[in-house]
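Now for the letters of each chain:
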Amino acid sequence: VRKAIDEFGIDKGNVSVTGFSMGGTAAWEFPYYQPDLFCRVGVISGSVQGWKLKHYPDIPVHVYSGGDEEFLKAHTFSVELAKDFGNDIVHTIWPGLGHGECFLKTIRDDNFLELLVTGKEA
C-alpha cells in the first residue's frame, strides 16, 4: 500500500481500506497494525477480535451487514464493543439480505464509494 501511495502520488491523508467477508475482517484489523496508514474503513460483512478495539486508531469505521447473515451477531458484537471503547462506528444492516447479497447491495450503494473517498455520505 505504501509503495502504491508513493508510485501513484496518492494523497497520504486520504487512504481508505475496505474488504468483504474475510477481507472485511482484514479491513477492520489492518488499521490496528498500521494506524498511520488509513483515514477511514469500510467493512462489508466482517468482524474483528475485540481486544484490538481497545487501542484502535481514531478513524471512522462503517460496517455493512446483511440482516439474514449467519455472522450478523459477530458483526454487531464488534460494532457495539467498538462503540464501548469510543470508536467512531456506523453500522448499516440491510434487512433480509444474506452474505453475498450484502456485498452486492453495499457496492451498488451511492453512499459507499462517497464514504470511502470523502468520508461523507452522498
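Predicted model, so just to flag it, every value in this text is computed and none were measured.

Chemist: Looking at this structure, I do not really get the packing of aromatic side chains. What am I missing?
Modeler: The geometry of an aromatic ring pair is captured by the separation of the ring centres together with the interplanar angle, meaning the angle of the planes. Under the definition given, this model contains 7 aromatic pairs. Between Phe-20 and Phe-103 the ring centres are 4.7 Å apart and the planes differ by 40°, which places this aromatic pair in the tilted class. Here Phe-20 is found in strand 1 (residues 16-20), whereas its partner Phe-103 is found in helix 4 (residues 99-108), with 83 residues between them in sequence. With a relative accessible area of 28%, Phe-20 lands in the partly exposed category.

Chemist: Explanation requested: the pairing of strand 2 (residues 40-44) in the structure shown.
Modeler: As a general feature of sheets, a regular strand has side chains that alternate between the two faces. With 5 of 5 residues buried, strand 2 is to be regarded as a mostly interior element. The side-chain alternation of strand 2 yields two buried faces, one formed by Arg-40, Gly-42 and Ile-44 and the other by Val-41 and Val-43. Note: strand 1 against strand 2, 5 bridges, orientation parallel. What sits directly across from Gly-19, in strand 2, is Val-43. Tracing the backbone out of strand 1, into helix 2 (residues 22-33) and back to the parallel element strand 2 gives a crossover that is right-handed. When strand 2 meets strand 3 (residues 61-66), the two strands line up parallel, connected through 4 bridges. What sits directly across from Ile-44, in strand 3, is Tyr-64.

Here is what the cut-offs are and how they apply
Residues numbered from 1 in each chain as written. Predicted model: local features only at pLDDT ≥ 70, side-chain atom pairs only at ≥ 80, totals over all residues. Heavy atoms only, no water. Phe/Tyr/Trp six-rings, centres within 6.5 Å; stacked < 30°, edge-to-face > 60°. Helix = DSSP H or I, 4+ residues; strand = E, 2+ residues; numbered from the N terminus. Buried < 20%, exposed > 50% of the residue type's maximum accessible area, 1.4 Å probe, protein only. Pairing = 2+ DSSP bridges. Right-handed = clockwise from strand over helix to strand, strands pointing away.

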